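The lines below spell out each chain.
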Amino acid sequence: MFCPHAGGAASFFAPFVRHFPAGFDLSAVQYPGRQERLDEPLVPTVESLADHLLPILRQFATAPVPLVIFGHSMGASVAFETALRLAAEEPVAPCRLVVSGRSAPSVPRVHAYATTDREILDDLARLGGTQAQFVNDPEIMEVFLPSLRNDYGAVARYRPSGEAVLDAPLLCLTGEQDPRVSPEEAAAWKTHTSAEFRLESFPGGHFFLSDHREAVARTVADWAGSSHGDPSTAAGA
């Protein structure tokens, strides 16, 4: 199950699907307030997004196949919070976690988050997000801005537990030139799992995965398969 970045939508992950082996049941979260859910109220916090996802993912987590939750940037925080909620349930609903483009929850915040529309759009352009090409198109940005404002605010307000530890395998993906996540900040995810941890780096910046879709898909599929059995049994990514 894919969790998008701030301002992102489920369609961001559509190009990844063809690079996964046959047998993976792939799907992506569509947050309220975008694309076909444009008329639904936006969810203002990372924690609330996780709460919304929990009943949906619970049915996959209790299936007789592994559930893999993949989150990029803000989506990594949503995925982590959702995995924590699944782990707290009785009986425990097992899952595997993939975090991408995000510092570990235990890493202190050192930068200020964009707050004004201009700051948000400039930040998006610097990071090279999928909407960056639309920054100078007023009509398109009128559609994107509400979700961007909401998600940037959600990330700024998010206060994760730096001591939270999952008893679940965790794979961290990071861009070697990501201005938001240093190698050390990515490696710090190791302290948030008592199970297997793996760190994989790719050339590129914050949205490195857009330039390496095949390699990212292969890495996730190989990790899920080699660690947890036949990849054809995986329920999501």
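Rules of the game
- Residues numbered from 1 in each chain as written.
- Predicted model: local features only at pLDDT ≥ 70, side-chain atom pairs only at ≥ 80, totals over all residues.
- Heavy atoms only, no water.
- Pairing = 2+ DSSP bridges.
- Helix = DSSP H or I, 4+ residues; strand = E, 2+ residues; numbered from the N terminus.
- Axes fitted to C-alpha atoms, helices over the stretch in contact; angles between N-to-C directions.
- Parallel < 35°, antiparallel > 145°, perpendicular 65-115°, else oblique.
- Contact = heavy atoms within 4.5 Å.
- Nonpolar A, V, L, I, M, F, W, Y, C, P; charged D, E, K, R; others polar.
- Salt bridge = Lys/Arg side-chain N within 4 Å of Asp/Glu carboxyl O.
- Buried < 20%, exposed > 50% of the residue type's maximum accessible area, 1.4 Å probe, protein only.

**Considering the sheet that holds strand 1 (residues 2-3)**
Reading across from one edge, 1-2-3-4-5 is the order of the five strands in this open sheet, with parallel pairing throughout. Edge strands, defined here as strands with exactly one partner in the open sheet, are strand 1 and strand 5 (197-202). With six bridges joining them, strand 4 (residues 170-175) and strand 5 adopt parallel strand pairing. Among the inter-strand pairings, L171 is bridged to a residue of strand 5, identified as R198.

**Regarding the packing of helix 3 (residues 117-127) against helix 4 (residues 138-157)**
The N-to-C vectors of helix 3 and helix 4 enclose an angle of 90°; their axes lie 10 Å apart at closest approach. Taken as axis vectors, helix 3 and helix 4 run roughly perpendicular relative to one another. Residue-level inspection shows D117, I120, L121, D123, L124 and L127 of helix 3 in contact with helix 4, the latter providing M141, L145, L148, R149 and Y152. The residue inventory of the contact of helix 3 with helix 4, partitioned by class, reads eight nonpolar, no polar and three charged.

**With respect to the pattern of salt bridges**
A side chain with one charge can pair with a side chain of the opposite charge if their charged atoms come near. For the structure shown, the criterion picks out 10 salt bridges. E196 is paired through a salt bridge with R198; the nearest N and O atoms lie 3.2 Å apart. By relative accessible area, E196 is classed as partly exposed at 31%. Note on R198: relative accessible area 25%, which makes it partly exposed. Residues joined by salt bridges that share partners form a network here, namely D51, E81 and R85.

All quantities given are derived from atomic positions and should not be read as evidence of function.
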